[in-house]
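Chain and residue survey
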Amino acid sequence: MPKQLNRYEKIWLATFSILFGIGVVLTKAVYPAAHDKNNFLNYNLDVFTVFNFLIFVVTVPIVYSLVVKLYKWVRYKSPSFIDSAYLNNTTYKRIAFWGSFFACLFFWGICYLTYFPGAGMNDTIDCIDVLLRAPLQPAFYQIIVYEGMKFFRGLFQNATMAYGVIILLQMLLSAAVVSRFIAWLAQKGIKKAILAAASIYFACMPLIADYTISLLKDTWFAYAMLLLIPPLYDILYEKKRICAKTKCIFLLACLLLTVSRSNGLFVVVPFSILLVIFAKSHRRFVVIVLLLALIVNQWMSYLQNSTVSFREAISVPMAQIGAVLNMDGTISEEDAQVINQILPSDIWKEKYSFSFVDPIKFNEHFDNQYLNENKFQFLKVWFSLLKKNINLYVKAYLYHSYGFWELAFWDIDKIDKTQSIFTKVNNNITDDSRWGEYIRQIGLQNKPIWGETIASHLNAIYLKAFRYNLHLSMGVLFWILVCCGILLVTAKKWVSLLVLSPLALTWISSMIASPSSLIYRYGFFLVLTLPFVLLYTYFQLRSIQKIQN
């Protein structure tokens, strides 16, 4: 059995090491501004320095040595986590499902009772208030939240109880998704210890509990992603006929991804096309699913009738224009006039921030109608400024996207806690805001089920645990995903990347259109799918070992 790497393997492992080294250097360069983001304009972005070059030169061989050892260990020396006695064992699968289900409900339930009736944010409250009048939220999310609250408020005559029932239903469905994933692993013959470890991860990871008791579209999107993975794997690898249940779950997951977040269709369409190419046995079924996803997306867009979709898609360009205005970039008088029509340039300049574009695009003076009527003109201005200010554009993009790739996991102060840790219904807004006033009027408030003393102690424990959990940053999770992807490519498992493609496509769409990279909820899907990413890569690499043996 060959233990020496061939040239192809060395090239790909070296590629990851170089990319990681670049990530380390960029993190080091941007970190001072990110750490002091309120004064980020006072810092220079110095990437090409002698010290950074030394960091790169030291980092690359260390990472290369580690990743080579990891690759060799998994391929040639790692233990098997599969027991053939458990393959397709119905009893084993049933025990795994219910064990995981009740473990999740127990540990999530403690969090739920501590923050009863659950958590949310201003987006959630907008959906409770009026049906299909929250232009930034998917129509499906608005309908479920509004109609759910309307029904249960009528039933219980109590807004707090109504909200609590919706969160409880969300917990039950989320536990079912997790348990189905665990049962699917059991069906594949995965040993008890691995199933137990995965179940503990889902049940005890603090932010998984926190997001599961929060009524957020990001929670729905993440669980739809976890629901998608098992049937996606089966469709790709099972050449024989797959059961109707698997098909239904795949269809449901694709539709949920499409309607639960604005970038859902961007994720579903590409991986479905790839699946049509590589899963020839199930091509017709995948085409039908893709067509249904397109139809449902169009229907939801019609119901929503939003006029802000273009504004939502150009967060990065707006941040880059803000950088040009703020950092004395080159801008023509004609381009300045267009910018002033959208938003007065002095306000645009004032509201430009390190990694948050909402103060620009939600400013009361922002002329969204003019933007919609002059989309091509805006893009023309953006491209004109790009040619004159390429350095500022790159700098602004690194600032804006920092949270999605950075490696400074020890620094959690940079993260926007109001949209990353959720403990109240009106989590990211004050009690005297219009949202706070509205929930006070309808009687929706957080009332822990425990007594005040117990609730206070549990809240202190949870807040500390939530903060610790933030150290598993979106950037770290991204690099884990990249590492796993390159390990698969190194092993010439190119088709295997298709199963990871929904995660990669979601990350790419966030890099293109996200209003901020320092809001943890945007990366919750990576937290929830981490066990699969690690196990999938491990077993794909070990399958080579099995063939060689």
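For the structure, see preceding data.
The following paragraphs examine the structure supplied in this document. In this text the structure is predicted, and so the values were computed from the model without any measurement.

With that settled, the discussion passes to the environment of glutamine 157. By the element assignment, glutamine 157 lies in the loop between α5 (139-156) and α6 (159-187). Each C-alpha atom of the pair glutamine 157 and arginine 7 lies 70 Å from the other, and the pair is 150 residues apart in sequence. Within the structure, the side chain of glutamine 157 is placed 2.9 Å from the backbone oxygen of glycine 154, a separation counted as a polar contact.

Geometry of an aromatic ring pair is reported as the spacing of the ring centres plus the angle between the planes. On inspection of all chains with the given rule, the structure shows 51 aromatic pairs. Taking the centre distance of 5.6 Å and the plane angle of 80° together, the rings of tryptophan 12 and tryptophan 494 count as edge-to-face. Note that tryptophan 12 is positioned in helix α1 (residues 7-35) and tryptophan 494 in the loop between α23 (474-490) and α24 (497-513), a separation of 482 residues in sequence. The class of tryptophan 12 is partly exposed, set by a relative accessible area of 24%.

Let us look at the nonpolar core. With 185 residues, the main nonpolar core has Phe202, Ile208, Phe250 and Trp348 as its most contacted residues. For this core, the leading source of residues is α6, giving 15 residues. Beyond its immediate chain neighbours, meaning those up to four positions away, tryptophan 348 contacts Met318, Ile321, Gly322, Leu325, Ile339, Ile342, Leu343, Ile360 and Phe378. Grouped together as the second largest cluster of nonpolar side chains are five residues, Ala139, Val259, Val296 and Met300 included.

Let's shift gears to the environment of isoleucine 110. Looking at where isoleucine 110 falls in the secondary structure, it is placed in helix α3 (residues 90-114). Note on isoleucine 110: relative accessible area 24%, which makes it partly exposed. A sequence separation of 102 residues divides isoleucine 110 from tyrosine 8, and the C-alpha atoms of the two residues are 50 Å apart.

The first and last C-alpha atoms of helix α7 (residues 192-204) sit 18 Å apart over 13 residues, in line with the 18 Å expected at 1.5 Å per residue. Buried within α7 we find Ile194, Leu195, Ala198, Ser199, Tyr201, Phe202 and Ala203.

Rules behind the numbers
- Residues numbered from 1 in each chain as written.
- Predicted model: local features only at pLDDT ≥ 70, side-chain atom pairs only at ≥ 80, totals over all residues.
- Heavy atoms only, no water.
- Helix = DSSP H or I, 4+ residues; strand = E, 2+ residues; numbered from the N terminus.
- Polar contact = N/O pair within 3.5 Å; in protein donor to acceptor, adjacent residues only side chain to side chain.
- Phe/Tyr/Trp six-rings, centres within 6.5 Å; stacked < 30°, edge-to-face > 60°.
- Buried < 20%, exposed > 50% of the residue type's maximum accessible area, 1.4 Å probe, protein only.
- Core = buried A, V, L, I, M, F, W, Y, C linked by side-chain atoms within 4.5 Å.
- Contact = heavy atoms within 4.5 Å.
- Expected span 1.5 Å × (residues − 1).

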